[in-house]
Amino acid sequence: MFIYITYDTDGFITAYQNTEADGFTKVFILDSWITQFSQHSDKFRYDTDKKVVLNPGNLPDLSLDELNNKYSSVLETSQQAVQSATALAQQQTVSTKSINQLQKSITELALSQSSKETV
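None of the values given here were measured: they were computed from a predicted structure.

Colleague: I'd love a proper account of the pairing of strand β1 (residues 2–7), names of residues and values included.
Modeller: Residues in a regular strand point their side chains to alternate faces of the sheet. Summarising the sheet, β1 and strand β3 (residues 25–28) pair through four bridges and their orientation is antiparallel. Along β3, the bridge assignment pairs Phe2 with Phe28. Two strands pair when backbone bridges link them, and β1 and strand β2 (residues 13–17) are joined in this way by four bridges, in the antiparallel orientation. Residue pairing across strands places Ile5 opposite Tyr16, the latter belonging to β2.

Structure, rendered in structure tokens:
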């Protein structure tokens, strides 16, 4: 498959597209590389001497669907953590109010007992 690329001074691909344009170089990408290239184009290099795209050969084996599933799982877990933290904060607020009410009641009881003793 032929595509058009731009690359930096080290030969790493910086952009690609399917149509010819000024500043883009026409290159051939093997069909077996298309999925990897679309996911990790910035890891591929263009050899200006040989005029070929070089596959780094050490790319992750995850597909976009697998990455999306992992991201969704992490997102769901973080949402659960936020919900748990919110519930805990609400419980602490209720507990603080209860403690304040208890302290107020104890203070009132102590003052009432103190006034009975002085009479």
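Colleague: Quick one: what's the story with the packing of aromatic side chains, residue by residue and with numbers?
Modeller: Throughout the structure, instances matching the rule amount to five aromatic pairs. Taking the centre distance of 5.3 Å and the plane angle of 70° together, the rings of Phe2 and Phe28 count as edge-to-face. Here Phe2 is found in strand β1, whereas its partner Phe28 is found in strand β3, with 26 residues between them in sequence. Arranged with centres 4.9 Å apart and planes meeting at 40°, the rings of Tyr7 and Tyr46 form a pair that is tilted. Of this pair, Tyr7 sits in strand β1 while Tyr46 is found in strand β4 (residues 45–47), placing the two residues 39 residues apart along the sequence. For Tyr46, a relative accessible area of 5% puts it in the buried group. Cluster of aromatic residues (ring-pair linked, three or more members): Tyr16, Trp33, Phe37 and Phe44. Sitting over the ring of Phe2, Lys26 keeps its end group 4.7 Å from the ring centre. Positioned above the aromatic ring of Phe12, the side-chain terminus of Arg45 is 5.6 Å from the ring centre.

Colleague: Got a sec to walk through the pattern of salt bridges? Specific residues and values, please.
Modeller: As enumerated under the stated definition, the model contains one salt bridge in all. One salt bridge connects Asp42 with Lys43, and the closest N-O pair in it is separated by 3.7 Å.

Colleague: Break down the sheet that holds β3 for me, with residues and values.
Modeller: Taken in spatial order, the three strands of this open sheet run β2-β1-β3, and their pairing is antiparallel. Lying at the two open borders of the sheet, with one neighbouring strand each, are β2 and β3. Each strand axis lies, on average, 45° off the axis of its neighbour in the sheet, ignoring direction.

Colleague: Let's hear about the nonpolar core: which residues, and what values?
Modeller: With 11 residues, the main nonpolar core is built from Ile3, Ile5, Ile13, Val27, Ile29, Trp33, Phe37, Phe44, Tyr46, Val53 and Leu59. Once residues within four sequence positions are removed from consideration, Ile3 is found in contact with Tyr16, Gln17, Asn18, Thr25, Lys26, Val27, Ile29 and Phe37.

Scoring rules and cut-offs
- Residues numbered from 1 in each chain as written.
- Predicted model: local features only at pLDDT ≥ 70, side-chain atom pairs only at ≥ 80, totals over all residues.
- Heavy atoms only, no water.
- Pairing = 2+ DSSP bridges.
- Helix = DSSP H or I, 4+ residues; strand = E, 2+ residues; numbered from the N terminus.
- Phe/Tyr/Trp six-rings, centres within 6.5 Å; stacked < 30°, edge-to-face > 60°.
- Buried < 20%, exposed > 50% of the residue type's maximum accessible area, 1.4 Å probe, protein only.
- Lys NZ or Arg CZ within 6 Å of the ring centre and 35° of its normal.
- Salt bridge = Lys/Arg side-chain N within 4 Å of Asp/Glu carboxyl O.
- Axes fitted to C-alpha atoms, helices over the stretch in contact; angles between N-to-C directions.
- Core = buried A, V, L, I, M, F, W, Y, C linked by side-chain atoms within 4.5 Å.
- Contact = heavy atoms within 4.5 Å.

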